[in-house]
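Given next are the chains, with one letter for each unit.
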Amino acid sequence: MTMKHSFLFLFSILLIVLTSCSNKPARHLTDEPFRSVYHHSPSQNWMNDPNGMFYDDVTHLWHLYYQHNPFGTTWGPMHWAHAVSPDLIHWEQKGIAIAPDSIGTIFSGSAVIDRYSTAGFGENVVVAIYTQSEICGQHQSIAYSQDGGMTFTKYEGNPVLMGDIADFRDPKVFWDEQTNRWVMILACQQEVRFYSSVNLREWQYESSFGATYGGHGGVWECPDLIKMPLESEQMINGKMASELWVLLLNINPGGLFGGSATQYFVGEWDGTTFTCFDEPNETKWLDYGKDHYATVTWNNAPDHRIVAIGWMSNWQYANNLPTVAFRSQNTIARDLSLYKDDAGEWRVGVMPSPELLAIKGEQTKVLGDAAIIELELDGKQNAVITLSNEKGEKVVMSLDAHRQTFSMDRTASGDCSFSQDFAAHTTAPLFVHHDTHHITLFIDHCSIEAFGTDGEWAMTNLVFPSEPYNHIDVQGGKAAIYDINY
Ligand code: FRU
């Protein structure tokens, strides 16, 4: 333990004592300098991928499960832990939802609302579909909840799908209206497989995708297949279409800036096969930062919204982040949509979810450890935006008008000592020309999430300054700082 860690540890103990003496309920079991205020993080111990997210349209709660080691702050025996939120900002921790058993530990997966009891566990029962990992392999199991996702009973016939290869995991299940059956998309080494089922218990192989598409610098994990409506019906590949399908695919290592990242493919799903419209050797990235992984979407989100959340970390250093009682936080929730860039390519737009945009408070001159900053930058001129503190730590962002890129340099952002892979400089292409770029920065205690105009690109990076950045300098543009209301 370093001096800094010992200090943080003592600080956390002091906070526990102080909060337990006051009448106010503590938001978390522990607080510490890098505990974010409007991002979801576990009360204590380790977290990785978001799992099993579904929206309950009766209680209006957003359910979020996540990969969790309840015994320590590094990756270990995986459980699903559970949190719920009325607004995607305030999260109530609900403890362990699914724990390991003789079949294996509980890896990533998804949850659906089985409205018509296709699985036979009752109407409107929540069914979780997840990977069980053990020494001899990875298998898919299910568990059902008759109390709206609060407690789960494991199906006695588990596993429901036995693995035949080493990496066989992270099932995302959805109800396919084209064929009136469930579809499971599963990450299988460096491709995905599709399975179908009428009852969530028996699964039949349909097809595979990806062996010759996208990035292959690592294992494919946590896939998702999403139907995305188009603003208007249009001719695509010789057919009138009102929707396209997007396949989200997380890859580790092999990300754009090293380690973990999220790629996606745009195409068509006919109920059996995914046909990709992108060039095979093209990789489209959902985020241009280093800390955006395991991103998947909520099932049953309201108003046909497509709401995603990612784990804000990277397997290169996730186990070494300089927090004390907990490790890792999730990104803010983001609404996804499709748009065409200047080259006529379909891209996925990533906007902070409306709930997150609503936390924007009063305009202020004071930059603290949580804020929203709106930048207005001229598309024809270079701009440099520097966030800094009294210790000389800084994050330098720049718009390069010639290259048409936006980048973020965190090499001098604060503590980078815990991993040689942390000090990084990340760059996003500006896919659409604008006379003025409107870029939004969401700042929390240890993160910066940048969103391009209309969500045309996103960039998510962790930072660990020893004091909050309290100064902003903008060359070649304007910045407005807003408080956070949460
Ligand atoms: C992705 C991942 C998944 C797996 C889980 C294990 O981060 O490796 O593929 O299910 O984490 O915790």
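Everything quoted here is computed from the prediction, not taken from an experiment.

Asks: So what about the site of the ligand? Which residues, and what values?
Replies: The local shell around the ligand consists of Asn48, Asp49, Gln67, Trp75, Met78, Phe107, Ser108, Arg169, Asp170, Glu221, Tyr293 and Trp315. At 2.7 Å, a side-chain N or O of Gln67 approaches an oxygen atom of the ligand. Residue Asp170 places a side-chain N or O atom 2.6 Å away from an oxygen atom belonging to the ligand. Protein contact buries 95% of the 320 Å² of open area that the ligand shows by itself. At the level of secondary structure, the elements contributing two or more residues to the shell around the ligand comprise β1 (45-56), β5 (105-114) and β9 (168-176). Its residues placed into classes, the shell around the ligand shows 5 nonpolar, 3 polar and 4 charged.

Asks: Account for the pairing of strand β26 (residues 394-400), naming residues and giving values.
Replies: Where burial is concerned, the two faces of β26 differ: the one with Val395, Met397 and Leu399 is buried and the one with Lys394, Val396, Ser398 and Asp400 is not. Of the strand pairs in this sheet, strand β25 (residues 383-388) and β26 are connected by 6 bridges, and their pairing is antiparallel. Residue pairing in the sheet places Thr386 in a bridge with Val396 of β26. Two successive antiparallel strands, β25 and β26, enclose a turn made up of 5 residues, where Gly392 displays a positive phi of approximately 80 degrees. Counted along the chain from β26 to the antiparallel partner strand β27 (residues 405-409), the turn is 4 residues long, and its residue Gln404 has a positive phi close to 60 degrees.

Asks: Describe the pattern of salt bridges, listing the residues and the values that go with them.
Replies: Working definition: two side chains of opposite charge can pair if their charged atoms are close together. Under the definition given, this model contains 25 salt bridges. Lys227 is the partner of Glu177 in a salt bridge, and the nearest nitrogen-oxygen pair spans 3.6 Å. Residue Glu177 is located in the loop between β9 and β10 (181-188), and its partner Lys227 is located in strand β13 (residues 219-236); the two are separated by 50 residues in the primary sequence. Residue classification places Lys227 among the partly exposed positions, given a relative accessible area of 35%. For Lys380, the salt bridge goes to Asp435, with nearest N and O atoms at 3.8 Å. A residue pair is termed long-range when its members are at least 10 positions apart, and Lys380 in the loop between β24 (371-378) and β25 and Asp435 in the loop between β28 (425-429) and β29 (436-444) qualify at 55 residues. Taken together, the salt bridges that share partners define one network made up of Asp167, Arg169, Asp170 and Glu221.

Asks: So what's going on with the nonpolar core? Residues and values would help.
Replies: In summary, soluble globular proteins display a tendency toward joint burial of nonpolar side chains. Membership of the largest hydrophobic core comes to 56 residues, with the highest contact counts inside it found for Tyr38, Trp298, Leu336 and Leu356. In terms of residue count, the dominant contributor to this core is β13 (5 residues). Here this core spans two domains, since at least three of its residues come from each of domain 1 (3-20 + 37-346) and domain 2 (359-484). Counting residues in hydrophobic clusters, the runner-up holds 50 residues, among them Val183, Val192, Cys276 and Tyr339.

Asks: Can you tell me about the sheet that holds β5, naming the residues and giving the values?
Replies: If you trace the 4 strands from one edge of the open sheet to the other, you get β5-β6-β7-β8, paired in antiparallel fashion. The open sheet has two free edges, formed respectively by β5 and β8 (153-154), since each of these has just one partner strand. Bridge count for strand β6 (residues 125-134) against strand β7 (residues 137-145) is 9 bridges, and the pairing is antiparallel. Residue pairing for β7: Val127 is matched across the bridge by Tyr144.

Asks: Explain the sheet that holds β27 to me, using residue names and the numbers behind them.
Replies: Taken together, the 5 strands give an open sheet; going across it, the order is β28-β27-β26-β25-β32, and neighbouring strands pair in antiparallel fashion. Of all strands in the sheet, those bounded by a partner on one side alone are β28 and β32 (471-475). If you compare each strand with its neighbour and ignore which way they point, the axes differ by 10 degrees on average.

Asks: Help me get a handle on the packing of aromatic side chains, residues and values and all.
Replies: Counting across every chain of the model gives 31 aromatic pairs. Ring geometry for Phe442 against Phe451: centres 5.9 Å apart, planes inclined by 85 degrees, an arrangement best described as edge-to-face. The buried category is assigned to Phe442, whose relative accessible area is 0%. An aromatic cluster is defined as three or more aromatic residues linked by ring pairs; in this entry it consists of Phe34, Tyr317, Phe418, Phe422 and Phe464. Sitting over the face of the ring of Phe326, Arg35 holds its NZ or CZ atom 3.9 Å from the ring centroid.

Asks: If you had to explain the domain arrangement of the protein chain to someone new, which residues and values would you point to?
Replies: Here the protein chain is partitioned into domain 1 (3-20 + 37-346) and domain 2 (359-484). Using only C-alpha atoms to locate each centre, domain 1 and domain 2 end up separated by 27 Å. Taken together, the contacts link 27 residues of domain 1 with 34 residues of domain 2. Roughly 2,600 Å² of surface becomes buried between domain 1 and domain 2 when both sides are summed, with 60% attributable to carbon and sulfur atoms. Remark: the boundary between domain 1 and domain 2 carries 2 salt bridges. One salt bridge in this structure joins Arg410 and Asp291, with 2.7 Å as the shortest N-O distance. The interface formed by domain 1 and domain 2 holds 22 residue pairs in polar contact (both at pLDDT 80 or more) in total. Here the side of domain 1 that touches domain 2 is composed, by residue class, of 12 nonpolar, 8 polar and 7 charged.

Asks: Talk me through the state of the cysteines; I want residue IDs and the actual numbers.
Replies: Per the stated rule, a full pass over the model turns up 0 disulfides. Of all cysteine sulfurs, the one in Cys446 lies closest to Cys416, which takes part in no disulfide; the gap is 13 Å.

What counts, and where the lines are drawn
Residues numbered from 1 in each chain as written. Predicted model: local features only at pLDDT ≥ 70, side-chain atom pairs only at ≥ 80, totals over all residues. Heavy atoms only, no water. Near = heavy atom within 4 Å. Polar contact = N/O pair within 3.5 Å; in protein donor to acceptor, adjacent residues only side chain to side chain. Areas by Shrake-Rupley, 256 points an atom, 1.4 Å probe, with all protein chains shown as cover. Helix = DSSP H or I, 4+ residues; strand = E, 2+ residues; numbered from the N terminus. Nonpolar A, V, L, I, M, F, W, Y, C, P; charged D, E, K, R; others polar. Buried < 20%, exposed > 50% of the residue type's maximum accessible area, 1.4 Å probe, protein only. Pairing = 2+ DSSP bridges. Salt bridge = Lys/Arg side-chain N within 4 Å of Asp/Glu carboxyl O. Core = buried A, V, L, I, M, F, W, Y, C linked by side-chain atoms within 4.5 Å. Domains from an automatic or database assignment. Axes fitted to C-alpha atoms, helices over the stretch in contact; angles between N-to-C directions. Phe/Tyr/Trp six-rings, centres within 6.5 Å; stacked < 30°, edge-to-face > 60°. Lys NZ or Arg CZ within 6 Å of the ring centre and 35° of its normal. Contact = heavy atoms within 4.5 Å. Buried area = accessible area lost by both parts, 1.4 Å probe. Disulfide = S-S within 2.5 Å.

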